[in-house]
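Letter by letter, the chains look like this.
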Amino acid sequence: METVIKQSGKTQVFKDKANKIMGISLEDAKLTKSYLSVAFLAILLGGILGLLQGLNRAGMLELPAWLNYYQVLTAHGLLLVVVLSAFFTIGYFYAGLSHTLGGLLPKVRKMAWVGFWMKIFGFVLAVIPILMNEASVMYTFYPPMAASPIFYIGLVFIVLGVWMCAFGAFINVASWRKRNPGQHIPILSFFATGVFVLLFFGSIPVAIEVFTIIPWAFGWVETINVMVARTLFWAFGHTLVNIWYLTAVSAWYVIVPKVIGGRRWNDLLTRIVVIALVIMNITGGFHHQIIDPGISEPVKYMHVFMSLAIGFPSLMTAYAMFAVFERTARRKGGKGIVGWYKKLPWGDVRFLAPFIAMAAFIPAGAGGIAQTTNQLNQVVHNTMWVVGHFHLTLGMSVVMTFFGLSYWLIPYVSKRVLTPQINKLGVIQTIIWTLGMIIMSGAMHWVGLLGSPRRTSYSTYFDNATALSWDPYLFFLAIGGTLLMIGVLMQVYAVFYLMFFAPKGNTEFPIAEVEEDEAPTPRWTERWGLWVVCMIVLVGMAYVIPLVDFIVNAPPGSPPFKTW
Amino acid sequence: MKSPVYGLLLLLALMLPPISNLLESIMITHMHMQMPLLVVSGLFMAKFFQNRFPEFFSKWNENGVPGLLLFSIIMMYWSLPRTMDEALTLTSVEVFKFISLPFLAGVPLRDSWPKLNSFWKHALIIFFTILFLALGWLYIWSPVQLCNNYLVIEQITLGWGFISTAFAMVVYLIYSYFMDFSKYE
C-alpha cells in the first residue's frame, strides 16, 4: 500500500499486501467497472445530444418535429451533469477506498450496489417524461417551469442512491479508523470522505426542494415559493459542481505526482484544502442568484465575499501543483526558469490530460471570479458566456481529468494494461478535445459578451442585425462541438477497449508519497465532525437571512408553467 | 507572537465607522457577526495580557471557571434586545460593547479554555445551546417589536440565526457524545 502512513494489525497488513500484489478484489472491481461503464455510456449519449444541440443552436441543423431543442438540452444536461459526474466520482472513489483501506466491507459493497440500482431506476423514471416532452425543464429544474411529477420522483431516487453510496463510504472509513487507531485516513480516502460529506449535505437542500415541488407538480397544491425553490436548488447545484472539481483536485494532488515520478505536495496543506473546500462550498450556491430579485444588496455583497473565499483553496492548489511539477522536473535534471518543463512526461496521456485540465482551470477560475462579481455578472448572466464558462470548468478541468484517470483506472480494475497504441490514441484524443473545447467554449464566451442568450434555441429575431452578427461565432461553436464528438467517440472506444480487450496484466494504482523530510500531519485534521459543524454554521450564516425574508415576506406564489 | 497584533488590527477594523455602521445596520450581523468578531479579536489579543500579567491570571483564574463565568455573563448581557438598542443610541454603551466583548469575554475565554476539563467545556456549550434556543424562540415568536432600531422581520431572522447556531451546537454535542476518540487514537 502506498499511502503515507503505515498500516498496523496482522489482518490489515495481509489484506494490504494482497491488495498490492493481486490488485483490487474482483467484487470491488466489478462495482467500479459498472459505475464507470454507465459514466462513459452517459458521455456517449450526452455527447451525441450535445452535438445535435450545438448544430441546431448554430442554425445548421433542423431537429425533427418530435424532438425539440429544450428536450435535447434537458437530456444533455442530466446525462452529463448528473449521470456522468456522479457515476464516475462514485466509481473512482470506491476503487480508491477499496485500494487504500484494504478492500470494501461486504456491507458497504452491497450499499453501493443498492445505490447503483436506485440511481439507474431514478434515471429511467426521469428520462421517460423527457422523451415524452413532458419534462423539458433543463438541468436547472426549479419552478416556475414544471415537469411531469414522474421526473421529480426519478430525481428523488437518484438522490437516495447517492446517499446510499455516501453512507457506505462513511461506514468504510469509520471502520478503517477503528481498526487503525492513531493513523490518518489515507489521503485519497480523505478526499473521498470530503466528497461524500459534500454529496450528502449538498443534496439535502435539493431533496427538500423536490419534496415541495412534487405536490405542486401533481396539482395538490396550487402555488410554490419560487425564490425558496431556486435558493434550495442552487445550494445543491453549485455544490455538485464543486464535488466534481474536488474529485479532479484529488487526482491532481494524489495521482498526477506519482504518474510523473515525483512526490506529492505537503500532506497537511492538502488536507487543509479539502477541509476548506468542504466547509465553504455550499454557501457558494448563492452567486448563481446574484441578479435574482428579492435579495437585498448587503446580502448579495456578503455572498460575493463568501463565494470568493472558495477561490482561496483553489489558488493554494494552483501553487501546489506547479510547485510539484517544478520540483519533480528539477530532480530529473530540468534546468532554467521554465526550461524544466521539458522533463515532464508530455507523451503520457495519464499526465497530459490532467495537466491540460489544470491549465484550463486558470481561465475557467478567473471567469468564475468575474461572474461572482455583482456588476460583471449583470453583463453576462443570461448569455452564452455562462455556458462557455461551465464547459470550460466541467468540460475541460473536470472531464479531462476523468479521461486522464480512465487510462490507468480502467486497466487497474479490469486487470489489464495500457498499451502504447491506446496511450497514443489518448494523446490525440486529448489534443482534439482541447482544440474542440477551446473553439466551442471560446466562441460561447465571446458571443455571450455580444449578447447571445443562453437557454434559448436558435433564432434570428426577425433577421435583426445584432442577432445575425452572432452567426459566425455560432459556427465556431458547431465546429468545436463536432471536434468534441470525435473526442467522445475516441474516448469511449479507449475505455471499452481497456475494459474488455487490452492485454491482461497488472496496473498499479498510482498514489504518490509525501516528501521524506515532511513533518507529521497534526491530529486535528481528522476531526470530521467538527468540520461538518463549521459547515452547518457557515450555511446558517449564508442562508438564514435570505430564506427568512423569502418565506416571511413571500409573494403569492407561482402556479406551474409549461413553456414548451 | 503576531496574534495579539492581528487581534488589535481586527478590533481597530471593526471600530472603523463604515464597518461598524454596515454591521450594525442589520440586526443579525450586529449580533451574530460584529459581536462574535469582537470576541475573536479578544481571543487573539489574550496572549499579550497573559504574558504581561501572568500572576493576575493564575491568581484570579486558577481553574478557568471564573473566566468562564465572566465570559458567560458578558455574552448573556449582549444577547438582550435592550442592550443592542442602547448600543445604537447611547455612545457610552457602544464604547462598552467595544471594550467588554474583546477584553472581558474574548480574553478570559482564551485564558480559561485550556484550563477547563471536558465537563466544563461541554457544560458551556450546553448552556449556550439552551440559551440560543430560548433566544431563538423569543425573537421568532415575540408578538411585539423587541428593538426600537430593528424591524420585526429582522428580529425573526435573528431568531432563526439563533436556532440554526443552536442546531450546529446540538450536532457537535451529539458528535462528541457518541464519538469515542480514544478508539481512534
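In the annotation of an unreviewed UniProt entry, the entry for chain B reads Cytochrome c oxidase associated membrane protein, and the organism field reads Cytobacillus firmus.

Participant: An account of empty space enclosed by the protein is requested, with residue identities and associated values reported.
Facilitator: All names here are of chain A. Applying the stated criterion to the full structure yields two cavities of 30 Å³ or more. In this model, the largest cavity occupies a volume close to 190 Å³. Taken together, 15 residues make up the lining of the largest cavity; nearest its centre are Val-82, Ile-158, Val-159, Phe-236 and Leu-240. Listing elements by their share of the lining of the largest cavity, those giving two or more residues are helix H3 (69–100), helix H5 (149–179), helix H6 (187–218) and helix H7 (226–259). Within this model, the second largest cavity holds a volume of roughly 40 Å³. Along its surface, the second largest cavity is lined by Arg-57, Pro-453, Thr-456, Ser-457, Tyr-458, Ser-459, Tyr-461, Ala-467, Trp-470, Asp-471 and Leu-474.

Participant: Could you give an account of the packing of H3(A) against H5(A), with specific residues and numbers?
Facilitator: Residue and element names in this part refer to chain A. Contact geometry for H3 and H5: axes closest at 11 Å, N-to-C directions at 15°. Comparing the axis directions of H3 and H5 gives the class roughly parallel. Considering only the axes of H3 and H5, their crossing is left-handed. The segment H3 lies against H5, with Leu-78, Val-82, Ile-90, Tyr-94, Leu-97 and Thr-100 engaging Phe-151, Leu-155, Ile-158, Cys-165, Gly-168, Ala-169, Val-173 and Trp-176. Residue composition of the contact of H3 with H5, by class: 12 nonpolar, two polar and no charged.

Participant: I'd like a description of the environment of Tyr172(B), backed by residues and values.
Facilitator: By the element assignment, Tyr172(B) lies in helix H9 (residues 152–178). Classification of Tyr172(B) as buried rests on a relative accessible area of 17%. Setting aside residues up to four positions removed in sequence, Tyr172(B) forms contacts with Arg527(A), Leu530(A), Val533(A) and Ile125(B).

Participant: Tell me about unusual backbone geometry, and name the residues and values.
Facilitator: In terms of backbone geometry, most residues other than glycine have negative phi values and most peptide bonds are trans. Residues and elements named next belong to chain A. Following Pro-143, the chain continues to Pro-144 via a peptide bond in cis, the omega torsion being 10°. Along the chain, Pro-144 falls in the loop between helix H4 (106–131) and H5. With phi around 60°, Asn-133 is a residue other than glycine that occupies positive phi space. Within the secondary structure layout, Asn-133 lies in the loop between H4 and H5. Using a relative accessible area of 22% as the deciding quantity, one classes Asn-133 as partly exposed. Phi angles above zero are rare outside glycine, and Arg-455 is one such case at about 55°. Tracing the sequence through the fold places Arg-455 in the loop between helix H13 (420–449) and helix H14 (465–469).

Definitions and limits used
- Residues numbered from 1 in each chain as written.
- Chains lettered and ligands numbered in written order.
- Predicted model: local features only at pLDDT ≥ 70, side-chain atom pairs only at ≥ 80, totals over all residues.
- Heavy atoms only, no water.
- 1 Å grid on protein atoms, 1.4 Å probe; cavity = no way out; pocket = protein on both sides within 12 Å on 5 of 7 lines; lining within 4 Å.
- Points joined across faces, edges and corners; volume = space filled by probe spheres on them.
- Helix = DSSP H or I, 4+ residues; strand = E, 2+ residues; numbered from the N terminus.
- Axes fitted to C-alpha atoms, helices over the stretch in contact; angles between N-to-C directions.
- Parallel < 35°, antiparallel > 145°, perpendicular 65-115°, else oblique.
- Left-handed = near helix turned anticlockwise from the far one by under 90°.
- Contact = heavy atoms within 4.5 Å.
- Nonpolar A, V, L, I, M, F, W, Y, C, P; charged D, E, K, R; others polar.
- Buried < 20%, exposed > 50% of the residue type's maximum accessible area, 1.4 Å probe, protein only.

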